[in-house]
Amino acid sequence: MGETSVIEPEPSGAEAGDGVIVTRALTKRYRGGQLAVDGLDLVVPAGSVFGFLGPNGSGKTTTIRMLMGLIEPTSGTARVLGRPMPRAARAVLPGVGALIEGPALYGFLSGRDNLLRYDAADPTADPRTRRARVAGALERVGLSAAAGKKAKAYSLGMKQRLGLAAALLQPRRLLVLDEPTNGLDPQGMREIRALIRELASDGTTVFLSSHLLDEIEQVCTHAAVMARGRLITQGPVAELAAGARGRLVVTTPDTAEAARVLKEQGVGDVVVEGERVSGEVPERDLAEVNAALVRAAVRVRGFGVERASLEDAFVALTGEGFDVAG
Ligand SMILES: Nc1ncnc2c1ncn2[C@@H]1O[C@H](COP(=O)(O)OP(=O)(O)OP(=O)(O)O)[C@@H](O)[C@H]1O
Ligand SMILES: [Mg+2]
């Protein structure tokens, strides 16, 4: 699909909904009939680290491929950096660094040569600064030492890092990263998270997908939760987690007695795990609950309300666990 010569009016921020990514009723039904994305309305605020969260098969990669103009939506619209996709792809894509599932690599070339070649294919990239930018990107993702190795000899995590380096060859307004920590070991995950925070502090908007709830909690300011192709909720991470109520947690060696007292005090869903007795936060004053435990000679080592996690919010919102839909 070529770009038409009709000039698209540049929408003001307000018209574009103030989002770096804005979708309206975005829908994708694959040829086989699979409804992969169903009426998605997404708004990614400028400057956010936006987590696109959902279990396997919930439509994350399909959405990202539509945003990047790699596949056509069945219906609905997507605007990226204020312009419609895929129509304005040629104008939009130079401003976007993307890492999409399974980055394409030339196995017979080294990691460094893959990046040099990738950069050479980008008409907006300055050839005079190419070597320095490639070296800088390799450094940022921790691949300098392995830069001379053939890409076919790279581990999954190294390939992932190389894909990320490709997205970082030029400064971008937006980074779209599909499961950027996929295949990385815990140390590698921490490094990539730190890198994402650093990029965000430079003002880059980062949109990343993940099926790891705690990862999203650690690195994202905002999140959208997908399940079976549909958007369940979106907003600031703190607000999403606050939507789910925390749990009252008592740490004690006297678990049976503590559980009995908590039930008596109107605490619902009491669960004992090791020395932890937890339950729903009751309506009544928690000081009374604590006093009742002490009166019953329960040795209370810890007493408090644990903040709800995004996972709690997800379960509360969907009424189901974080499992793969059929
Ligand atoms: N090319 C395709 N043709 C037909 N169906 C597809 C195709 N790609 C994906 N699907 C289906 O669309 C749904 C969404 O898939 P998608 O890859 O977007 O999910 P995802 O959220 O990225 O999952 P994961 O966390 O496993 O990467 C799934 O049911 C999948 O089987
Ligand atoms: Mg995916």
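Our structure is the block above this text.
A quick note: this is a predicted structure, and the numbers were derived from the prediction, not measured.

Caption draft 1: Region of the structure containing the site of ligand 1. Taken together, 13 residues lie near ligand 1, and Gly57, Lys60, Thr61, Thr62 and Glu101 sit nearest. In this structure, an oxygen atom belonging to ligand 1 sits 2.7 Å away from a side-chain N or O atom of Lys60. Between an oxygen atom of ligand 1 and a side-chain N or O atom of Glu179, the distance comes to 3.5 Å. In terms of residues, the shell around ligand 1 owes the most to one element, helix 1 (residues 60–67), which gives three residues. Of the residues contributing to the shell around ligand 1, the split by class is three nonpolar, seven polar and three charged.

Caption draft 2: How the structure looks around the packing of aromatic side chains. Summed over the entire model, instances satisfying the criterion amount to three aromatic pairs. Judged by centre distance (5.7 Å) and plane angle (20°), the ring pair of Phe50 and Phe207 falls under stacked. Of this pair, Phe50 sits in strand 3 (residues 49–53) while Phe207 sits in strand 8 (residues 205–210), and the two are 157 residues apart along the sequence. Residue Phe207 is classed as buried on the basis of its relative accessible area of 0%.

Caption draft 3: Broad picture of helix 6 (residues 186–201). Look at helix 6: 23 Å from first C-alpha to last across 16 residues, which is about the 22 Å you get at 1.5 Å a residue. The set of residues buried in helix 6 consists of Gly188, Met189, Ile192, Arg193, Leu195, Ile196, Leu199 and Ala200. Down the axis of helix 6, the smallest arc covering the buried residues is 160°, so these residues share one side. Facing away from the buried side of helix 6 by more than 90 degrees, the exposed set consists of Pro186 and Ser201.

Caption draft 4: Quick look at the packing of helix 9 (residues 255–264) against helix 10 (residues 286–295). Relative orientation of the contacting elements helix 9 and helix 10 amounts to 140°, with a least axis distance of 10 Å. In terms of their interaxial angle, helix 9 and helix 10 are classed as oblique. In the crossing of helix 9 with helix 10, the sense of the turn from one axis to the other is right-handed. Counted together, Ala258, Val261 and Leu262 of helix 9 and Val289, Ala292 and Leu293 of helix 10 form the full contact between these two elements.

Caption draft 5: Quick peek at the pairing of strand 7 (residues 174–178). With respect to burial, strand 7 is a largely interior element, five of its five residues being buried. By the alternation rule, side chains of strand 7 split into Leu174, Val176 and Asp178 and Leu175 and Leu177, which are all buried. Pairing between strand 6 (residues 96–99) and strand 7: four bridges, direction parallel. Directly across from Ala98, in strand 7, lies its bridge partner Val176. Of the pairings in the sheet, the one linking strand 7 to strand 8 comprises five bridges and is parallel in character. For Val176, the partnering residue across the bridge sits in strand 8 and is Phe207. Remark: the strand 7/helix 6/strand 8 crossover connection has right-handed handedness.

Caption draft 6: Region of interest: the pattern of salt bridges. What the rule picks out here adds up to 17 salt bridges. Notably, a salt bridge pairs Arg247 with Asp269, separated by 3.0 Å at the nearest N-O pair. Here Arg247, found in strand 11 (residues 247–251), pairs with Asp269, found in the loop between helix 9 and strand 12 (271–273); they are 22 residues apart in sequence, far enough to count as distant.

Calculation criteria
Each chain carries its own residue numbering, running from 1 in the direction its sequence is written. Think of it this way: whatever chain is written first is A, whatever ligand is written first is 1, and the rest follow in order. Residue-level local features of this predicted model are given only where pLDDT is at least 70; pairs of side-chain atoms are given and counted only at 80 or more, and the full residue set underlies all totals for whole chains, interfaces and linings. To obtain the side-chain values, all non-hydrogen atoms of the structure were included, while hydrogens and water were left out. It suffices for a single heavy atom of a residue to lie within 4 Å of a molecule or strand for the residue to be listed as near it. Polar contact criterion, stated in full: a pair of N or O atoms within 3.5 Å, where within protein one must be able to donate a hydrogen and the other to accept it, and residues adjacent in sequence count only if both atoms are side-chain atoms. Here a strand is any run of E in DSSP of at least two residues, a helix any run of H or I of at least four, and the numbering for each starts at the N terminus. Amino acids outside the nonpolar list (Ala, Val, Leu, Ile, Met, Phe, Trp, Tyr, Cys, Pro) and the charged list (Asp, Glu, Lys, Arg) are all regarded as polar, and Gly is one of them. Pairing of aromatic rings covers Phe, Tyr and Trp, the last through its six-membered ring, and needs centres within 6.5 Å; plane angles under 30 degrees mean stacked, over 60 mean edge-to-face, and all others mean tilted. Each residue's exposure class comes from its accessible area (1.4 Å probe, protein chains only) as a fraction of the maximum for that residue type: buried when under 20%, exposed when over 50%, partly exposed otherwise. Take the number of residues in a helix, subtract one, and multiply by 1.5 Å to get its expected span. The directions considered for the arc are those from the helix axis to the C-beta atoms. Between N-to-C directions, angles cover 0 to 180 degrees, with each direction set by a line fitted to C-alpha atoms, over the stretch in contact for helices. Between 65 and 115 degrees an angle is taken as roughly perpendicular, under 35 as roughly parallel, over 145 as roughly antiparallel, and anywhere else as oblique. Take the far helix as your reference; a near helix turned counterclockwise from it by less than a right angle gives a left-handed crossing, and one turned clockwise gives a right-handed crossing. Here a residue-residue contact requires only that any non-hydrogen atoms of the pair lie within 4.5 Å. In this analysis, strands are considered paired if DSSP registers two or more bridges between them. When the strands point away from the viewer and the connection leading from the first strand across the helix to the second strand turns clockwise, the crossover is called right-handed. We define a salt bridge as a side-chain nitrogen of Lys or Arg found within 4 Å of a carboxyl oxygen belonging to Asp or Glu.

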